[in-house]
Amino acid sequence: MIIFKKNTHTKTPLKRASHIATDCAETEMSDSLLNPLTVICTGSCFAFSGLFYKLYCEKKLEIQKLKEIPNFQADHHLLRILNASSNKRLNYVAVEGLVQAVGEPISSQYVPRCYGVIQKITVNEHWKYWNSLLKSWVSKKVNKKQTTNTVPFSLIQPGSYISEVSVRVDSPLEASGDYLKQVHKRLRHAKEGLVDVVLQELSGEKPVAQEEREELLRVGVSLTGFGELVLEQDKIMRLQPPKDGRSYVLIPSDYKSFMQRHENSANMWKGLTALFGITGFTLLAAFIHSSLKDKKTS
């Protein structure tokens, strides 16, 4: 007689499916760090960290070069240094002071009791033109008029509005730097009548608005100039464009604030470098830990 024994190790299809699902889930969890998104995120973190580190190094190099430039205030100490220098000349320096007009300053055309030494008035017209290819109106800004006025001005020592010592700033329009401040802006929208609308549709162009803007380098603001400093007649100091080709720059702030902005920019790039670097190493460490854990369990 043949006796059939019950096989206790035989798994039912339901249990077998359950085990397979569990194994698959564990495999998915262990492979979760191997998916393309994780690889892309890790690589991107290291790439951005490298980019920000490069920007940080460039900014630190720029700060180092700026610190090598001698900086002075428009005072008697600077006058003594110029008198003692060869040829009564300093090839490239930074001079800080308050803006003071030599003679009558320029009055703002739009703001009462607002005075400056450099004035720029810009009038722009905003038009729309019919584009037959796109079948729509396309906006365009047209510079109708730009006027620049200047008067001679000097830099004087901060804290003294009347000073015997000053530095005359020559050729300010040749200098780079965002030293003009907007004091007025007005937008006038075009008025359209029935006849105007018909003519515009026929011509394919129509006015939208006219923009007026006034910018000033105001009297009394702090200004730092980078350029060549010369002494004339043993008492007149002049800041002028360098003859050696270096940049002639006017900065609308004191020297300390100017340098602090550069330091803040360097610290920002440094912080971003650390942030993305730590994030990348964290993802990489998690991947390595998961891989070692999988090897031990297998």
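Our subject is the structure listed above.
Each value, and the rule that gives it
- Residues numbered from 1 in each chain as written.
- Predicted model: local features only at pLDDT ≥ 70, side-chain atom pairs only at ≥ 80, totals over all residues.
- Heavy atoms only, no water.
- Salt bridge = Lys/Arg side-chain N within 4 Å of Asp/Glu carboxyl O.
- Helix = DSSP H or I, 4+ residues; strand = E, 2+ residues; numbered from the N terminus.
- Buried < 20%, exposed > 50% of the residue type's maximum accessible area, 1.4 Å probe, protein only.
- Phe/Tyr/Trp six-rings, centres within 6.5 Å; stacked < 30°, edge-to-face > 60°.
- Pairing = 2+ DSSP bridges.

Chemist: Sorry if this is basic, but what is going on with the pattern of salt bridges here?
Modeler: Two side chains carrying opposite charge are able to pair once their charged atoms lie near each other. As enumerated under the stated definition, the model contains 10 salt bridges in all. With a shortest N-O distance of 3.0 Å, Asp 170 and Arg 238 are connected by a salt bridge. Of this pair, Asp 170 sits in the loop between strand 7 (166-169) and strand 8 (181-189) while Arg 238 sits in strand 11 (residues 236-240), and the two are 68 residues apart along the sequence. The pair formed by Asp 170 and Arg 238 is uniform in burial state, with each residue classed as buried. Arg 246 serves as the salt-bridge partner of Asp 244, at 2.9 Å between the closest nitrogen and oxygen. Connected via shared salt-bridge partners are Asp 170, Glu 232 and Arg 238.

Chemist: Please clarify how the packing of aromatic side chains should be interpreted in this entry.
Modeler: Geometry of an aromatic ring pair is reported as the spacing of the ring centres plus the angle between the planes. By the definition in use, this model includes 7 aromatic pairs. Summarising the aromatic geometry, the rings of Phe 46 and Phe 281 are spaced 5.1 Å apart at their centres and angled 80 degrees between planes, so their arrangement reads as edge-to-face. Residue Phe 46 is found in helix 2 (residues 36-67), and its partner Phe 281 is found in helix 5 (residues 255-297); the two are separated by 235 residues along the sequence. Assessed through its relative accessible area of 32%, Phe 46 is described here as partly exposed. Look at Phe 48 and Phe 52: their rings are 6.0 Å apart centre to centre, the planes differ by 25 degrees, and that puts the pair in the stacked class.

Chemist: Help me out: how do you make sense of the pairing of strand 9 (residues 205-218) in this one?
Modeler: Bridge count for strand 4 (residues 115-131) against strand 9 is 13 bridges, and the pairing is antiparallel. The partner of Val 123 across the bridge, within strand 9, is Glu 212.

Chemist: Help me understand unusual backbone geometry in this model?
Modeler: Trans is the common state for peptide bonds, and a negative phi is the common state for residues other than glycine. Positive phi, normally seen in glycine, also occurs at Lys 88, with a value near 55 degrees. Within the fold, Lys 88 resides in the loop between helix 3 (76-84) and strand 2 (89-101). You can call Lys 88 partly exposed: its relative accessible area is 29%. With a phi angle near 50 degrees, Arg 113 is a residue other than glycine that sits in the positive phi range. Of note, Arg 113 is situated in the loop between strand 3 (106-107) and strand 4.

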